[in-house]
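Take a look at the letters that make up each chain.
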Amino acid sequence: MGSRKRLAELTREYVLSSLGVFLTALGLVIFLIPNNIAAGGASGLAIVLNRFFPISVGIWMYIINATLFLTAFLIIGFDFSFKTIYCTFLLNFLIDLFDRVVPIYKYHGNDMILAVFFGDILTAVGMAIAFSQNASTGGTDIIAKILNKFFGAPFGMSILFLDFAIGLSAGLAYNIDTGLYSILAIIVNGTTIDFVMKGLELSTNLWVVSEKADDIKKFVLNDLERGVTVFDAKGGYTNQPKNVLMIVIKRRELHELTTAIRAIDPKAFFFVNEARQVYGEGFKELV
């Protein structure tokens, strides 16, 4: 039973990661790549290199990521999950597919702000979905890992610095406007990913005091299939012993649980806190 549940979870993770990568590829191929907007990462570097060596962006991404993975393997060892390798090269494949093999619509309008906005929305939502499944799309993440290992450079700051350097390189390779739009895209992309991640990862923590704590506990365990921690407590006014339940659930499950609590014990006292990140069974893995 446990292995089947883990297989179902793993399948869900890969399906969602693939969806995220698909959206990211669409944002890049339709909006960013046609307008030479180098919004960081391997795709941004590929756009810059394409200016000097006219190989397609998809092929350049294969070369860049393969080189980075090999370098990282030789320098810091195999420190990447299979899911990250899968998502990295799936993104490469989809970009090359939509760009050369099965060409799709590409935005070549005069309004670069539209290209930045819609390109960033698609890529940021896609990357946030992939990140929420503990996956990554490689690129500057790999360089940041190397810098962190040998120079102690903060991982997040390294990625930001590398992405800005790629944005500036686009300005040198193409023109100043392209460089500025690339930097704008990097800023908007990072902000949007953070915003979407908060919505995807947000869980809730409930503390419940009820005379029917056992019934509520059964509902959580059997219907929601979530864990419950039971604390022994004493009422401050009555001095009577009570059970207090601590329950952590996904935000989407909150309405179902509060409705059940009201039905089981209309006199129950409970309050809800936001839980920014939750690790453990049923939530994010520790590795």
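Report on the accompanying structure. (Residues numbered from 1 in each chain as written. Predicted model: local features only at pLDDT ≥ 70, side-chain atom pairs only at ≥ 80, totals over all residues. Heavy atoms only, no water.)

**Quick word on the pairing of strand β2 (residues 228-234)**
Next, step 1: As paired strands, β2 and strand β3 (residues 241-250) are joined by seven bridges and run antiparallel to one another. For Thr 229, the partnering residue across the bridge sits in β3 and is Met 246.
Next, step 2: Between the end of β2 and the start of β3, which pair antiparallel, lie six residues, with Asn 239 showing a positive phi angle near 60°. (Pairing = 2+ DSSP bridges. Helix = DSSP H or I, 4+ residues; strand = E, 2+ residues; numbered from the N terminus.)

**Focus on unusual backbone geometry**
Next, step 1: If you check the backbone angles, Asn 36 has positive phi at about 60° while not being a glycine.
Next, step 2: Overall, Asn 36 belongs to the partly exposed group, its relative accessible area being 22%.
Next, step 3: Phi at Asn 239 takes a positive value of approximately 60°, unusual for a residue other than glycine.
Next, step 4: For Asn 239, the location among the structural elements is in the loop between β2 and β3. (Buried < 20%, exposed > 50% of the residue type's maximum accessible area, 1.4 Å probe, protein only.)

**Remarks on the packing of helix α6 (residues 140-151) against helix α7 (residues 155-173)**
Next, step 1: At a minimum axis distance of 9 Å, the contact between α6 and α7 shows a crossing angle of 130°. Relative to α7, the element α6 is oriented oblique. Seen along the crossing, α6 lies across α7 with a hand that is right-handed. Of the residues in α7, those in contact with Thr 140, Asp 141, Ile 143, Ala 144, Lys 145, Leu 147 and Asn 148 of α6 are Phe 155, Ser 158, Ile 159, Leu 162, Asp 163 and Ile 166.
Next, step 2: Tallied by class, the residues present in the contact of α6 with α7 amount to seven nonpolar, three polar and three charged. (Axes fitted to C-alpha atoms, helices over the stretch in contact; angles between N-to-C directions. Parallel < 35°, antiparallel > 145°, perpendicular 65-115°, else oblique. Left-handed = near helix turned anticlockwise from the far one by under 90°. Contact = heavy atoms within 4.5 Å. Nonpolar A, V, L, I, M, F, W, Y, C, P; charged D, E, K, R; others polar.)

**Here we look at the environment of Tyr 86**
Next, step 1: Mapped onto the secondary structure, Tyr 86 falls in helix α4 (residues 82-101).
Next, step 2: Taking relative accessible area as the criterion, Tyr 86 reaches 29% and is therefore assigned partly exposed.
Next, step 3: Counting along the chain gives 72 residues from Tyr 86 to Tyr 14, while the straight-line C-alpha distance between them is 9.1 Å.
Next, step 4: Beyond its immediate chain neighbours, meaning those up to four positions away, Tyr 86 contacts Tyr 14 and Ser 18.

**A short note on the layout of surface pockets**
Next, step 1: What the second largest pocket holds in volume is close to 930 Å³.
Next, step 2: Met 127, Phe 131, Thr 140, Asp 141 and Ile 159 are, among the 39 residues lining the second largest pocket, the residues nearest its centre.
Next, step 3: Counting only elements with at least two residues in the lining of the second largest pocket, the list comes to α1 (2-32), α2 (41-52), α4, α5 (112-132), α6, α7 and α8 (176-201).
Next, step 4: The biggest single contributor to the lining of the second largest pocket is α8, with seven residues. (1 Å grid on protein atoms, 1.4 Å probe; cavity = no way out; pocket = protein on both sides within 12 Å on 5 of 7 lines; lining within 4 Å. Points joined across faces, edges and corners; volume = space filled by probe spheres on them.)

**Structural notes on a nonpolar patch on the surface**
Next, step 1: On the surface, Leu 70, Phe 73, Leu 74, Ile 75, Phe 150 and Phe 151 cluster together into a nonpolar patch covering about 690 Å² of accessible area.
Next, step 2: When residues of the nonpolar patch are traced back to their parent elements, those giving at least two are α3 (57-76) and α6.
Next, step 3: In terms of residue count, α3 provides more of the nonpolar patch than any other element does, four residues in total.
Next, step 4: Tracing the backbone shows Phe 73 in helix α3. (Patch = residues over 30% accessible without salt bridge, like charges linked within 9 Å, V, L, I, M, F, W, Y side chains within 5 Å. Areas by Shrake-Rupley, 256 points an atom, 1.4 Å probe, with all protein chains shown as cover. Salt bridge = Lys/Arg side-chain N within 4 Å of Asp/Glu carboxyl O.)

**Digging into the side chain of Ser 18**
Next, step 1: In this fold, Ser 18 is placed in helix α1.
Next, step 2: What Ser 18 contacts, discounting residues up to four positions off in sequence, is Tyr 86 and Leu 90.

**Side note on the sheet that holds β3**
Adjacent strands of a sheet form backbone hydrogen bonds with each other and so pair up, either parallel or antiparallel.
Next, step 1: Ordered by their spatial adjacency, four strands build an open sheet running β2-β3-β1-β4, and the pairing between neighbours is antiparallel. In this open sheet, the two edge strands, each paired with only one partner strand, are β2 and β4 (269-275). Going from strand to strand, the sheet's axes swing by 20° on average, the running direction of each strand aside.
Next, step 2: Where strand β1 (residues 203-209) and β3 come together, seven bridges link them in antiparallel fashion. Paired with Asn 205 across the strands is Val 248, a residue of β3.
Next, step 3: Contacting β1, β3 and β4, helix α10 (residues 254-264) runs over the sheet at an angle of about 10° to β1.

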